[in-house]
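# Examining the three-dimensional arrangement
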Amino acid sequence: MGLTFLAPLLLVASAAVAIPILLHLTHRERSEAIPFPSLMFLRRVPYRTVRRQRIRHWLLLVVRAAIVLLLVAAFARPFVERAGLGAAVVGEGRAVVILLDRSASMGYGDRWARALAEARATVDALDPEDQATIVLFSERADATTQPTGDRAVLAAVLDDARPLATGTRYGPALQLARDILDASDLPHRELVLLTDFQRVGWEADAQLRMPDGTTVRTLELDNGQPENIAATGVLLNQDEQGRLAVAARITRPVGAGAAEVAATLILGGSAVETRRVQLQSAGATTVDFAPVPMPDRSIRGEVRIESSGLAADDAYRFTAAPRETVPLLLLYHPNGRADERLYLQQALAIGDDPPFQLDLKPVTMVTPDDLRERAGVILYDAPFPSGQRGRALHDFVDAGGGLLVILGARTGAGAWAAEAEGVLGDAPGPTVDRAGARGGALSILDYRHPAFLTLGSSRGADFSGTRFLRYRRWSPPESARVLARFDDGAPALAEISVGAGRAMVWTAGAANLWSDLPLQPVFLPFVREIVRYLIVYRPAPTAREAGTVLDLRADLAARTWGPPSSAFGAASEQLVVEAPSGERFAVDDGTGYRVEMLEHGYYQVRATDGGQTVTVAVNPDPAESNIEALDPEVMVSAVSPTGAAATRAAALAAQLSPADKERRQALWWYLMVTVAALALAESMLAGRLSGGIVVPQRNRGS
Amino acid sequence: MTSTRFLDPAVLARIGNLELLARTVVDGFINGLHHSPYFGLSVDFAEHRPYMPGDDVRRIDWRVYGRTDRFYVKEFEADTNANFVVVLDISGSMDYGSGRITKLDYARFLAASLTYFSRQQRDRVGVVTFTDRIVDFVPASAKHLDIVLHTLDRVAAGGSGSLEEPILKITEALTRRSIVLLLSDLYAEPDVVQRSVGLLRARGHDVIVFHVLDPTELTFPFDEAAPFVDLETGERMPVVPETLRDEYRTQMTDHLAALGERMLHSQVDYQLFETSKPLDYALFEYLARRERMSRVR
């Protein structure tokens, strides 16, 4: 039984017990004289020093001291903890939270087996009154059950548990454990922390203290000096000849001395090349494998190193697809010269992320079929097509295509067909000549726009040296977003949303006539980023990190050009996902077509009614490769409660009903009754003792 | 005899009339005595005894001789009518009592009871009160019962006490052999007491000494340190009772033992009375003992 006090400071008054002691030590000398028949015999007693500090009437002293102490205890409001006497009110038992780390690093050595064994031992040791919750955590934490005392349920959870490929974050797990313990009504709380204390998962300033009264228990999983080498990434590069060059990143986060490891490139299940690399402690290196011919289909690949430490990061998996160009159509004025388009063509031809396939056609010759399977259209100093061609272009943009309109000398007011107004608003105005001075300049460029995020973070994206001698005045529609303006306030670049597509209007041409922008280094990324933005270019990653949530419709099914769901069939409503472990599950509109990829390996996604199968390579969180451990004491001290017992008592009291509170504090009442009884006894005892102190009743005197 | 018949001095103290008090005590006592195996007092019992050579032949009871043909001496009733004189110490120390009555009250009750009792035996009764001098002197007479009781009723204690000098004067004043009952707390050296009592014995008086003490004087149960005041001299003395108690008791015990020894040696009936004891019980104890002593003598 735990006994504490609601007002423990009042216990200081216990010092008052010294009062009766002093009283009993002090032989009070009566002020009035006691008449006595004769002092004859008293005079005969020889004088001697008398030690008077001697306790008299021990029984009376004990009674009086007990009265003082009990009175003080009663006023301090004794409070019964939930255990013991309070059990009748609040019950017995423990609230146990088992935090079981299932991050990838738990696969190192026998950590997982030992942690699992400890968890099972904890479950087996539960008393009937106890309630336990198993929280499996890695990057996020999941309470697998409600608090329960059913050991079979808890054992089943442990049977199904296995380490994942995700990273470690202690914050959410500790937060969840605290919430569970805080919500518990049981009088005892225990946190069992079964983890490898991976340093990368711990934030130094994390302050997640458990509720008062919680005991924190850990398991030592240290396997001695950690050693691990990991394949943490690949860079795929396909040249124009269709050869695939793979460069792998091999790291050694922990380990002593130098180490040598063999790295093997495996494509389509066949080992292609093996190279040996030297790694220093806490070092990393890149292995360049020789280019290999790339088949005309998507293949699986991986870079595998010799087993070292953590097995999960011994291979880095990826998928490689044949080089695919992005089809663009450039529409020019029939009278336009080829050299006027040179800079733009060259800018789009350079680079392979993505490689653009640029087709040229006079705007007067374009047909609706030319727009089919196009990612984007560039209307280069040409009037907006009218009639059927104009409607086709409008529909193209409206369906999700990208349109870049570059105004020039041939795109005056008369070149703006009626169909253009639904897309681009009012027709362009006259040109503005700035040749008189040093030319105009861009005064505003919205670097926060997604198209220019890359430029904004690049030192080379400098437009300050660009001179604009002429540009066309144009009033964008209300719905447009002006991304750049000249120094006189005229719009230079504006974005217009048209249905599912995007359109941009650039008012200063793209030839080296109206400005020197094509000569500036920033021209090439400027053009490519605009086009990438307009065609909504999202390259499919070659590999994903465990823990990523994959939106199958957005990330796989929909291509940036072409109709959505083409990969799985237009009518697909349900997709089947097969995890690396072999587990299969369906995703549909009810789940939002979202899959959280927690295992490392290859996920396969296919439609239930046919269509092609998409493979997704998933690799462990690279941070898990650093298996360096934190001193467990650091975490234990950070999460252990610091509150005093009184705080715990107050917290318990706060959870109780008023009747329970009163009942649990009723001890003071019994103390007061005891005090009253003792006071009565004291009165009788004192009276009896003082009755022996004879005082003459009558002394008439003479 | 049951304890319920004992008369509590504290109860008796409520009786204002001393004669009534004495009658209450004595009547009860006599009634009790009639049922007692002990037989009367030698002072009030006439008897015949065999003639012994040297006896006055005039005391021979010829009528008994005529019936028995043996000589018996007749003790005349007139010889049993003795003087009974109460000598009461009324010094300041007697005005002390831890209970409801003081030693003087208790002694007064004893004196009144025995005086009344003696008068019932047709003895002549008188009283002398003294401190360090004679305060009241009522000569023994058959008609002085009322005066004696009145004197006892009005005495008040006070002043320092002395034993030898007043008793010397009493000795000089008592011309006839008397039964002298000395009531005092005897705060004097045993030798002085013996010497004083010896004066009375030397004159042929039958001396009875009732040593009246309060229980407090015997046990000294005081607890708190306090100045103690001598009731006779007014002397103050700081006293820590707990340190003196044992030695005080030893002194008192020795004193009582010495007195008892001295009184026995002087052939004086000595009896210690605690004021907490019932009056009739105390009297009975004394008289029974005196009866036994008289048989021995």
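The secondary structure content of chain A amounts to 18 helices and 33 strands. Counting the 702 residues in chain A, one finds 38% classified as buried. Nonlocal contacts in chain A, meaning residues at least 24 apart in sequence, comprise 76% of its contacts between residues at least 6 apart.

Bringing the sheet that holds strand β9 (residues 236–239) of chain B into the picture now. Pairing between the strands of a sheet comes from backbone hydrogen bonds, and it takes one of two forms, parallel or antiparallel. Spatial ordering of the open sheet is given by β2(A)-β8(B)-β9(B), a layout of 3 strands whose pairing is mixed. Both edges of this open sheet fall to β2 (34–36) of chain A together with β9 of chain B, since each of them pairs with a single strand only. Looking at each pair of strands side by side, their axes are set apart by 35° on average, direction ignored. When strand β8 (residues 226–230) of chain B meets β9(B), the two strands line up antiparallel, connected through 4 bridges. Its bridge partner being in β9(B), B:A226 is matched across the sheet by B:V239.

It is worth spelling out the environment of B:L279 at this point. All names here are of chain B. Position of L279 among the secondary structure elements: in helix α11 (residues 279–296). On the basis of neighbour counts, which here come to 27 C-beta atoms within 10 Å, the residue L279 falls in the buried class. C-alpha separation for the pair L279 and F109, spaced 170 residues apart in sequence, amounts to 7.8 Å.

This part covers the confidence of the model for chain B. Residues and elements named next belong to chain B. Per-residue confidence for chain B gives a mean pLDDT of 79; residues scoring 70 or more make up 79%. When the elements of chain B are averaged for pLDDT, helix α4 (residues 77–80) gives the smallest value, 47, and strand β4 (residues 124–130) the largest, 91. Of the regions scoring below 50 in pLDDT, residues 1–6 engages in 6 contacts with residues more than four places distant in sequence or in other chains. This complex was scored by the predictor with a pTM of 0.53 and an ipTM of 0.77.

Residues and elements named next belong to chain A. Contact geometry for helix α5 (residues 111–124) and helix α6 (residues 151–160): axes closest at 10 Å, N-to-C directions at 175°. One element, α5, and the other, α6, form an angle in the roughly antiparallel class. Of the residues in α6, those in contact with L116, A119, R120, V123 and D124 of α5 are R151, L154, A155 and L158. Among the residues making up the contact of α5 with α6, the classes are represented as 6 nonpolar, no polar and 3 charged.

Residues and elements named next belong to chain A. The biggest cluster of nonpolar side chains holds 84 residues, and the ones touching the most others in it are I98, L99, V135 and A177. Broken down by element, this core gets its largest block of residues, 7 residues, from helix α7 (residues 170–183). What L99 contacts, discounting residues up to four positions off in sequence, is V135, F137, A173, A177, L191, V192, L193, L194 and T195.

Residues and elements named next belong to chain A. Along strand β25 (residues 491–498), 7 of the 8 residues are buried, which leaves the element largely enclosed by surrounding structure. Pairing between strand β24 (residues 481–486) and β25: 4 bridges, direction antiparallel. Across the sheet, the residue bridging to R481 is E495, located in β25. If you look at the hairpin formed by β25 and strand β26 (residues 501–506), you'll find 2 residues sitting between the two strands, and G499 has a positive phi there, around 60°.

So, on to helix α7 (residues 164–173) of chain B. Residues and elements named next belong to chain B. Of the residues making up α7, those classed as buried are P166, I167 and I170. One side of α7 carries all its buried residues, which in axial view fall inside an arc of 95°. Packed against the buried residues of α7 are β3 (83–89), β4, β5 (134–141) and α8 (190–202).

All names here are of chain A. With 5 of its 5 residues buried, strand β19 (residues 376–380) lies for the most part within the structure. Where strand β17 (residues 326–332) meets β19, 5 bridges bridge the pair, whose relative direction is parallel. Each residue of the ladder has a partner; that of L330, found in β19, is I378. Looking at chain direction, β19 and strand β20 (residues 402–406) are connected through 5 bridges and run parallel. Of the residues in β20, the one forming a bridge with Y380 is I406. Each parallel crossover has a hand, and for β19 linked through helix α10 (residues 387–398) to β20 it is right-handed.

The next point concerns helix α3 (residues 58–75) of chain A. Residue and element names in this part refer to chain A. Between the first and last C-alpha of α3 there are 26 Å, a value that for 18 residues agrees with the 26 Å anticipated at 1.5 Å per step. Along α3, the residues that are buried comprise L60, R64, I67, V68, L70, L71 and A73. A positive backbone phi angle near 55° is found at R77, which sits one or two residues after α3.

Looking now at the sheet that holds β19(A). Residue and element names in this part refer to chain A. The 8 strands lie next to each other as β18-β17-β19-β20-β26-β25-β24-β22, forming an open sheet whose pairing is mixed. Each edge of the open sheet carries a strand with a single partner, namely β18 (356–362) and β22 (442–445). Here the average twist between neighbouring strands, direction ignored, is 15°. Packing of helix α8 (residues 342–349) onto the sheet brings it into contact with β17, β18 and β19, and relative to β18 it is tilted by some 155°. Packed on one face of the sheet, helix α13 (residues 523–534) meets β19, β20 and β26 and runs near 140° to β20.

Residues and elements named next belong to chain A. Positive phi is not limited to glycine here, since F197 has a value of about 55°. Relative to the elements of secondary structure, F197 occurs in the loop between β7 (188–194) and β8 (214–218). On the basis of neighbour count, F197 is assigned to the buried category, with 25 C-beta atoms found within 10 Å.

The rules behind these values
Residues numbered from 1 in each chain as written. Chains lettered and ligands numbered in written order. Predicted model: local features only at pLDDT ≥ 70, side-chain atom pairs only at ≥ 80, totals over all residues. Helix = DSSP H or I, 4+ residues; strand = E, 2+ residues; numbered from the N terminus. Buried ≥ 20, exposed ≤ 12 C-beta atoms within 10 Å, placed from the backbone. Contact = placed C-beta atoms within 7 Å. Pairing = 2+ DSSP bridges. Axes fitted to C-alpha atoms, helices over the stretch in contact; angles between N-to-C directions. pLDDT = per-residue confidence, 0-100. Parallel < 35°, antiparallel > 145°, perpendicular 65-115°, else oblique. Nonpolar A, V, L, I, M, F, W, Y, C, P; charged D, E, K, R; others polar. Core = buried A, V, L, I, M, F, W, Y, C linked by C-beta atoms within 7 Å. Arc of directions from axis to C-beta. Right-handed = clockwise from strand over helix to strand, strands pointing away. Expected span 1.5 Å × (residues − 1).

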